[in-house]
Amino acid sequence: MGKVIAIANQKGGVGKTTTSINLSACLAEKGKRVLLIDTDPQGNSTSGFGIDKNELDNTIYELILGECSISDCIIKNVIENVSVLPSNVNLAAAEIELIGVDKKEYILKNEVDYIKDDYDYIIIDCPPSLNMLTINSMTTADSVLVPIQCEYYALEGLSQLIHTVNLVKERLNPDLDMEGVVFTMYDSRTNLSMQVVENVKANLSQRVYKTLIPRNIRLAEAPSYGMPINKYDGRSAGAEAYMNLAEELIQNS
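Values in this document were obtained by computation on a predicted structure and should not be read as measured data.

Visitor: Sorry if this is basic, but what is going on with the sheet that holds strand β6 (residues 143–149) here?
Guide: Within a beta sheet, neighbouring strands are joined by backbone hydrogen bonds and run either parallel or antiparallel to one another. If you trace the eight strands from one edge of the open sheet to the other, you get β3-β4-β2-β5-β1-β6-β7-β8, paired in mixed fashion. Sheet topology places β3 (75–79) and β8 (208–214) at the edges, where each strand pairs with a single neighbour. Adjacent strand axes in the sheet meet at a mean angle of 25° when their direction is disregarded. Bridge count for strand β1 (residues 3–7) against strand β5 (residues 121–125) is five bridges, and the pairing is parallel. Bridged to alanine 6 within β5 is isoleucine 124. Packing of helix α9 (residues 191–203) onto the sheet brings it into contact with β6, β7 (177–186) and β8, and relative to β7 it is tilted by some 170°.

Visitor: Can you help me understand the packing of helix α6 (residues 107–115) against helix α7 (residues 132–140) in this one?
Guide: Geometry of a packed helix pair, given as the angle between the helix axes and the separation of the axes. Following both chains from N to C, one finds α6 and α7 inclined at 40°, their axes separated by 7 Å at the closest point. What the angle tells us is that α6 and α7 run oblique. Here the hand of the crossing between α6 and α7 comes out right-handed. Residues Ile107, Leu108, Lys109 and Val112 of α6 form the contact with α7, whose participating residues are Asn136, Ser137, Thr139 and Thr140.

Visitor: Please clarify how unusual backbone geometry should be interpreted in this entry.
Guide: Trans is the prevailing form of peptide bonds, just as negative phi is the prevailing case for residues other than glycine. Notably, asparagine 77 is not glycine yet its phi reads approximately 50°, a positive angle. One non-glycine residue with positive phi stands out, namely methionine 185, at about 55°. As for its placement among the helices and strands, methionine 185 is situated in strand β7.

What counts and how
- Residues numbered from 1 in each chain as written.
- Predicted model: local features only at pLDDT ≥ 70, side-chain atom pairs only at ≥ 80, totals over all residues.
- Heavy atoms only, no water.
- Pairing = 2+ DSSP bridges.
- Helix = DSSP H or I, 4+ residues; strand = E, 2+ residues; numbered from the N terminus.
- Axes fitted to C-alpha atoms, helices over the stretch in contact; angles between N-to-C directions.
- Contact = heavy atoms within 4.5 Å.
- Parallel < 35°, antiparallel > 145°, perpendicular 65-115°, else oblique.
- Left-handed = near helix turned anticlockwise from the far one by under 90°.

This is the structure in structure tokens:
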């Protein structure tokens, strides 16, 4: 049965989507069967695998509204071993559409349960907010992985996120755990990056992944080519880091 990991942080621009795309691709390169679920209306995890998000008939939006089944929505093998449940801007309306719907927190979970056995890992890219889509993702997930940017405000909002994870665990999904924290946009040339890492390690009881994801030009370029980093430039520092993260995740599973 697949392990479901929600990649979440209500702060934007911390590397959630970059981590979702590249961790999925690197797990796949290690022979794991991966499903990436895009629950962000920006649809960047979708386009990051070269999918034209504006030309899709069935997305997670139609799935949530009950207009199609999960197998109708999944785009299989966008690269070897990676399938994608896509998203686009239509998903922004889901919050309103779900007003008054009974047990709306479980919509995604109920669908994912049908296909969970088909994959080794299911990675969910969450939107940069603590809304109903994020709650659905956490209700579906076994654990939450939090990317943190190596900057001064890194810890801001983290306590709120951990509080939300605990609330979901208490009320909706008793099996939910904190997978841990992964540092992104690490710059070894600056004292600040190193200070942030030490500060978080000192103040956080959660697991902190050893792998540090560096600031890397190739990582920033890859999405515009619709490719994960290991396909765009497998020898780059970014590709090496995400391969290490995938290995660390497998060891911890």
